[in-house]
Amino acid sequence: MKYYSFFPGCSAESTGLGLGLSAEAIAEPLDMELVELEDWNCCGSTPYGSLAEEESIAVAARNLALAEKRGLDLVTPCSSCYVTLSKANRHLQEHPTLLAQVNEALAVADLEYHGSIRVRHIVYVLYNDITPESIASKIKWGLDGLKIAPYYGCQLVRPDYGLDDTEFPHTLDRLVECLGAEAVDFPLKARCCGGSLTLSEEDRVLGLIRSLLQSAAENGAQCLVTPCPLCQTNLDAYQSRVNARFKTSYKLPVLFITQLIGLALGIEAKSLGMNTNIVSPREVLDYIYNRINYMTTHQKVDKRG
Amino acid sequence: MEPRIGVFICHCGSNIAGTVDCEEVARFAGGLEGVAVARDYKFMCSDPGQELIKKDIRELGLNRVVVASCSPTMHEPTFRRAIQEAGLNPYFFEMANIREHVSWVSVDKLKATERAKALVAAAVRRVYYHQPLESREVDINPNTLVVGGGIAGIQAALKIADSGNKVYLVDKNPSIGGHMAQLDKTFPTLDCSACILTPKMTLAGSHPNIELLTYSEVEEVSGYVGNFKVKIRKRARYIDLGKCTGCGRCVDICPVKVPDEFEQGLSQRKAIYKPFAQAVPNKVLIDPENCLHLKGLAKGKDVCRLCQKGVKGGIIGCETGAIDFEQQDEVIEVEVGSVIVATGFKLFDPGVIYQYGYGRLENVITSLEFERIVNSAGPTSGHIVLKDGSEPQSIALIHCVGSRDEQYHEYCSRVCCMYSMKFAHLIKEHTSAEVYEFYIDIRSFGKGYEEFYNRILEEGTVFIRGKPAEVTNIAETREEEGKLIVQFEDTLVGKQRRLPVDMVVLSCGLEPPGDVEAVGRMFNISRSADGFFLEKHPKLDPVATMTDGIFLAGCCQGPKDIPDTVAQALAAAAEALAMISRGKVEVEAATAIINEKLCTGCQLCKNVCPYSAISFDEEKKVCRVNEALCKGCGACVGGCPGDAISLSHYTNEQILAQMEGALT
Amino acid sequence: MVSFLDEVKSTPGGKHILACIQCGTCTGSCPMAGSMEYPPRKIIAMIRAGMRDEVLASNSMWFCLSCYMCTARCPRGVKPTEIAHALESLAAQHGFRIGGTSTPPLYRSFVGSIKSNGRVHELGMMVKFYLSILPELISHPVAAIKMAPLGLKLFLHRRLPLMPTRIKGRGDLSKIIRKFKEVRGNN
């Protein structure tokens, strides 16, 4: 049994509900204990860091201090929380003056942080601690025959954490393959989906989402899998807006990696939040449970928009 | 004997006198025990300064001398020579560094003067215990070993051979010539590389004083400056070089085709092959990893041998019987006095830079691949063509690939700007394509280089300042369909741009060859932070190494162009010839001595010695120091658990006296 | 008088700004370079030239997606993403009005939600955001109306809870933030 403190992140209760539910669902079958950090607060993410950089470190530090009480690695399924908490952690570890000031602030809530926590992303925990081999040994429904495009997004692999290649990573590919599926190699797998700017600058960002869908579809993907709730929302919820704008007809379901693993482990679809996915994953589920063979779900591969 | 110590305090102009009261120090020294005379003077190292010392030795019968001036690394040899000329053993000398250690690091004059006095007192106490030591001289073997047969090795070998001395020229490849043999034209003169290289190659191959050992590697080196013993493994070519005429018939017959290393994998060669048309020696060799017969032998089968047997239809195999499948490697041992390491460079492999698409996207090639393509003797007969054989309409050249980048190599590879511009010129000469050079800075530093840049500008090559972020084949517009797109910022315009081209040439940097660590260890030479071999001094001693008798030449010391390589090769040859002409080499007198009565034979000293100067006598079970190899570093002295080793000129007595003098 | 360059250098990611050789790899890698008033490389050049007002008033850093492509590829170890964040903070703290982008109000709604609840209530944040850019929505009514189906879809798929989660420690969080500002203000 491996023990971790768990930081779901704000999206895990809302737009990333699928991720939140599936991450917790796969813990027990994979011998992980994910204990949710008590009364955790938002990590601050890009917006807080952009409006008040140093203050956001103090906000993130509250979580680090809470995690330090248990002394376990702090694991999060959200790429944005991962980069925000890791960065804050690193700054505090490298700048003792800042740490002292943050601790002075934390003291009013009877908290203190000493810089001893490791912040980790659930994907790397699954890859390095649990290992693809161990996951493969627990599969109930093999995903053989499925062509899945692993989409990393940016903040899982950049800035360089030393855990995977920043341009052409492979951890998600290995995880997909250990479930029996074919990991579709597409060149844009670690390119940006538009991140937090989809709400405020949709016009400019839609093209990015479109390129990702295009690249995945062109390379034969039947569905996409991703670890990040923001990426999933952009690719999933905005897929119809991409189709409307560019006159395309993508119908690519976008699953969370934890959902995919959960399906392979035989966990019930509802517990994995499969009904929160907007582009219907119906065909993927049909395939897994009934081995109904089907062609790639997008109708036309548009070369021009 | 009654000590009669002369103390001389140098002003060094105002370098010392500006902070230290030299007269006061001299007065103080004069009162020390054993001091017969104490003077101060403006420039002790000058002729009159040295005369002062010599005069005092003669007239006052001095038997020890202390000079308080600069660092021993500057002038200890100067003063030692001076007192030797006056008839005193040079080791009866001690220097007190009151410049680097006092005046240059002190601000308070009073404190500085006190410090100077302490150092002088220390020197005076120490010098009393100095012993007369004799430097030894050993004969030098006039042979030279040159490791690496590229232009650097060839040039150095030729110069030494022309002086009448013997050279062993070793190269691990089956032909000499190195990378220069692969080039088409050379900048800035646009000389044909092969045309200027092959005469030298031929000369090196036929020179009576050069023993050419190709397809050979140095396996072991022992000894010391002037007396190296080197084991060289001559790899089996499976060809009797005496019988092979280089006719090449066997090559035509051989059925096996594998990628040709010389052509950078762009075309194929046979399992029996000549490295390239102008190879020296101009003979064939058999590649044991791909030869069907040799591979079959390992399984006990007798297959193929068509090169020997010939083929049906009247095609005869080798007529001279030069093919010898039984041939074995041969290990020879040679004795040389000095070694010139000229092992060259390796081109940076851009496959690790995913975003440039090398190895993934067609028509993204390296600079060496381009050299072979544009070379008329190359795989495309000099036609610049794409993978599909068509002519490119536009070519992008990307500078600084793998160089000036903290993720790969921080250093600048020096030659890439120039060779990239050379490529631009050749492309304009051979095709009507548009040429785009993507640079960060243009480094055209040499003779005729800036003029060459001007010429390239005038010829119409477009220079864009901006390091490309990526090369992709994912088109965003109709014009980009089917092309390679370079995405970059045109920094002089201040905008992100995309440029569709047909071919991308990556100007890759130079890095040390893969076996540089092993070679370094073998010759006991170190490497600088960039991985290339470390020279003794970057400005004043660029071809010597910290290991006496081992010299460097060419790119193995750092990336450089052909003019600088040749200059370095000649410099290394001069170093070797200077040694040869002296005939003898002086070895360090301050060496370690093992008291065999106290030695327990634990061999700890042997293990810590960085110069491999200690050997173990199996019979007597004691260790012994080879004085010629010993550099007097003292590691063994400190390491010996039984206190059985002492270091001449650094005895306990001397050091303790020095400490006492400084502290009291 | 602290120079603008020193001001940026002292921010958490700004240390290496002097290492920049202006090669342009950052701009070349940036998915949003075309939308920025000044591309990343130029911003760094402007910082070194002390052009504080022009830099802080520009919309450049607000288009940063935090994709870190520039940081991953920079051959000199400069961290343009972190510099962008630092510039955003400086601009926000010194009250610069940013035109040409709706991102600052989005971020402000986001942070506002955190300060009220301790966590981001996404529905509440979105509402607040749209209200803050109401004039723009009113001038582009069609575009505004097109947003509704998206919100509805998310809601129907259980991804937009109506009620926020309020953490117990939200009072603590406010106190921490206040104390931190005080401690930093003194230094």
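Residues numbered from 1 in each chain as written. Chains lettered and ligands numbered in written order. Predicted model: local features only at pLDDT ≥ 70, side-chain atom pairs only at ≥ 80, totals over all residues. Heavy atoms only, no water.

All names here are of chain B. Close contact between helix H1 (residues 22-30) and helix H4 (residues 109-127) brings their axes to 10 Å; oriented N to C, the two are set at 35 degrees. Where H1 crosses over H4, the handedness of that crossing is right-handed. Touching Glu24, Val25, Phe28 and Ala29 of H1 are Thr113, Ala116, Lys117, Val120 and Ala121, all from H4. Looking at the contact of H1 with H4, its residues break down into six nonpolar, one polar and two charged. (Axes fitted to C-alpha atoms, helices over the stretch in contact; angles between N-to-C directions. Helix = DSSP H or I, 4+ residues; strand = E, 2+ residues; numbered from the N terminus. Left-handed = near helix turned anticlockwise from the far one by under 90°. Contact = heavy atoms within 4.5 Å. Nonpolar A, V, L, I, M, F, W, Y, C, P; charged D, E, K, R; others polar.)

A word on the sheet that holds strand S24 (residues 470-472) of chain B. All names here are of chain B. Reading across the sheet, the three strands line up as S24-S25-S26 and stay open at both edges, with antiparallel pairing between neighbours. In the strand order of this sheet, the two ends are held by S24 and strand S26 (495-501), each with one partner. The sheet shows a mean angle of 25 degrees between the axes of neighbouring strands, taken without regard to direction. In terms of strand pairing, strand S25 (residues 484-490) meets S26 through seven bridges, oriented antiparallel. Looking at S26, one finds that Asp490 is bridged to Lys495. (Pairing = 2+ DSSP bridges.)

Let us now look at the side chain of Asp164 of chain A. Residues and elements named next belong to chain A. Position of Asp164 relative to the elements: it lies in the loop between strand S5 (147-150) and helix H8 (171-178). Buried charge Asp164 goes without a salt bridge, the closest partner of opposite sign being Lys189 at 7.6 Å. A polar atom in the side chain of Asp164 sits 3.1 Å from the side chain of His170. If we skip the residues at most four places from it in the chain, Asp164 touches Tyr124, Tyr152, Val157, Pro169, His170 and Thr171. (Buried < 20%, exposed > 50% of the residue type's maximum accessible area, 1.4 Å probe, protein only. Lys, Arg positive; Asp, Glu negative; His and termini not counted. Salt bridge = Lys/Arg side-chain N within 4 Å of Asp/Glu carboxyl O. Polar contact = N/O pair within 3.5 Å; in protein donor to acceptor, adjacent residues only side chain to side chain.)

This next bit is on the interface of chain A and chain B. Taken together, the six residues of chain A in the interface contact nine residues of chain B. For the chain A and chain B pair, buried surface summed over both sides reaches about 730 Å², with 49% attributable to carbon and sulfur atoms. Across the chain A-chain B interface, the total number found is one salt bridge. Close ionic contact of Arg191 of chain A with Glu470 of chain B constitutes a salt bridge, the shortest N to O distance being 2.6 Å. Residues of the side of chain A that touches chain B, tallied by class, amount to three nonpolar, no polar and three charged. (Buried area = accessible area lost by both parts, 1.4 Å probe.)

Residue and element names in this part refer to chain A. Relative to strand S2 (residues 32-36), strand S1 (residues 2-6) runs parallel, the two being bridged by five bridges. Directly across from Tyr3, in S2, lies its bridge partner Glu33. Taken together, S1, helix H1 (residues 17-27) and S2 constitute a β-α-β crossover, and its handedness is right-handed. Pairing geometry for S1 and strand S3 (residues 74-76), over two bridges, is parallel. When the bridges of S3 are listed, Ser5 appears paired with Leu74. (Right-handed = clockwise from strand over helix to strand, strands pointing away.)

Time to look at the state of the cysteines. Residue and element names in this part refer to chain B. Within the structure shown, the criterion is met by zero disulfides over all chains. Among the cysteines around Cys10, which has no disulfide bond, Cys12 carries the closest sulfur, lying 5.2 Å off. Left unpaired, Cys630 is separated from the closest cysteine sulfur, that of Cys636, by 6.3 Å. (Disulfide = S-S within 2.5 Å.)

This part covers the domain arrangement of chain C. Accessible area lost upon the coming together of the parts is a frequently used measure of interface size. On domain assignment, one finds that chain C holds domain 1 (4-93) and domain 2 (103-186). Computed from C-alpha coordinates alone, the two centres of domain 1 of chain C and domain 2 of chain C are separated by 27 Å. (Domains from an automatic or database assignment.)

Moving on: the packing of aromatic side chains. Enumeration over the complete set of coordinates arrives at 19 aromatic pairs over all chains. Pairing Tyr82 of chain A with Tyr161 of chain A gives two aromatic rings, centres 4.6 Å apart and planes at 45 degrees, and the pair type is tilted. Of this pair, Tyr82 of chain A sits in helix H4 (residues 79-94) while Tyr161 of chain A is found in the loop between S5 and H8, placing the two residues 79 residues apart along the sequence. Ring centres of Trp141 of chain A and Tyr289 of chain A lie 5.2 Å apart, and the angle between their planes is 85 degrees; this geometry places the pair in the edge-to-face category. Placement of the pair is Trp141 of chain A in the loop between helix H7 (132-137) and S5 and Tyr289 of chain A in helix H13 (residues 282-290), with a sequence separation of 148 residues. Residue Tyr289 of chain A is classed as partly exposed on the basis of its relative accessible area, which comes to 29%. A cation over a ring is seen here: Arg210 of chain A above Phe246 of chain A, with NZ or CZ 5.0 Å from the ring centre. Looking at Arg126 of chain B, its charged tip hangs above the ring of Tyr650 of chain B, at a distance of 5.2 Å from the centre. (Phe/Tyr/Trp six-rings, centres within 6.5 Å; stacked < 30°, edge-to-face > 60°. Lys NZ or Arg CZ within 6 Å of the ring centre and 35° of its normal.)

Glancing now at the nonpolar core. Within the largest apolar cluster, 163 residues are counted, with the highest numbers of intra-cluster contacts made by Leu126 of chain A together with Ile47 and Leu87 of chain C. Top contributing element to this core by residue count: helix H3 (residues 53-70) of chain A, with nine residues. In this view, Ile47 of chain C contacts Phe4, Leu5, Val8, Ile17, Val55, Ile83 and Leu87 of chain C; residues no more than four positions away in its chain are not counted. Phe187, Tyr224, Ala396 and Ala644 of chain B belong to the second-largest nonpolar core, a separate cluster that totals 115 residues. (Core = buried A, V, L, I, M, F, W, Y, C linked by side-chain atoms within 4.5 Å.)

With an omega of -10 degrees, the peptide bond between Arg158 of chain A and Pro159 of chain A qualifies as cis. Looking at the secondary structure, you find Pro159 of chain A in the loop between S5 and H8. The residue after Val280 of chain B, namely Pro281 of chain B, is reached through a cis peptide bond having omega -5 degrees. Here Ser45 of chain A, not a glycine, exhibits a phi torsion of approximately 50 degrees, which is positive. Considering the arrangement of structural elements, one finds Ser45 of chain A in helix H2 (residues 45-51). In this model, Cys304 of chain B sits at a positive phi of 60 degrees, which is unusual for a non-glycine residue.

Bringing the side chain of Thr27 of chain C into the picture now. As for its position among the elements, Thr27 of chain C is in helix H2 (residues 25-29). Reaching out from Thr27 of chain C, the side chain makes a polar contact with the backbone nitrogen of Arg41 of chain C at a distance of 3.3 Å. Apart from residues lying up to four places away in sequence, Thr27 of chain C is in contact with Glu489 and Gln496 of chain B together with Ala33, Pro39, Pro40 and Arg41 of chain C.

On to the domain arrangement of chain A. All names here are of chain A. Domain annotation of chain A identifies domain 1 (2-122) and domain 2 (140-297). Domain 1 and domain 2 are separated by 25 Å when their C-alpha centres are compared. Contacts between domain 1 and domain 2 engage 23 residues on the former and 22 residues on the latter. Carbon and sulfur atoms supply 73% of the area that domain 1 and domain 2 bury against each other, a total of about 1800 Å² over both sides. The tally of links between domain 1 and domain 2 comes to zero salt bridges. Our enumeration of links across domain 1 and domain 2 arrives at one residue pair in polar contact (both at pLDDT 80 or more). Counting residues per element, the side of domain 1 that touches domain 2 draws most heavily on H1, at eight residues.

This part takes up the interface of chain C and chain A. Residue-level contacts link 67 residues of chain C with 69 residues of chain A. A per-residue breakdown of the area chain C buries against chain A is headed by Arg119, Arg159 and Phe180 of chain C, which together make up 12% of the total. Counting across the chain C and chain A interface gives eight salt bridges. Its salt-bridge partner being Arg184 of chain C, residue Glu54 of chain A comes within 2.9 Å of it at the nearest N-O pair. Viewed at the interface, chain A and chain C are joined by 31 residue pairs in polar contact (both at pLDDT 80 or more).

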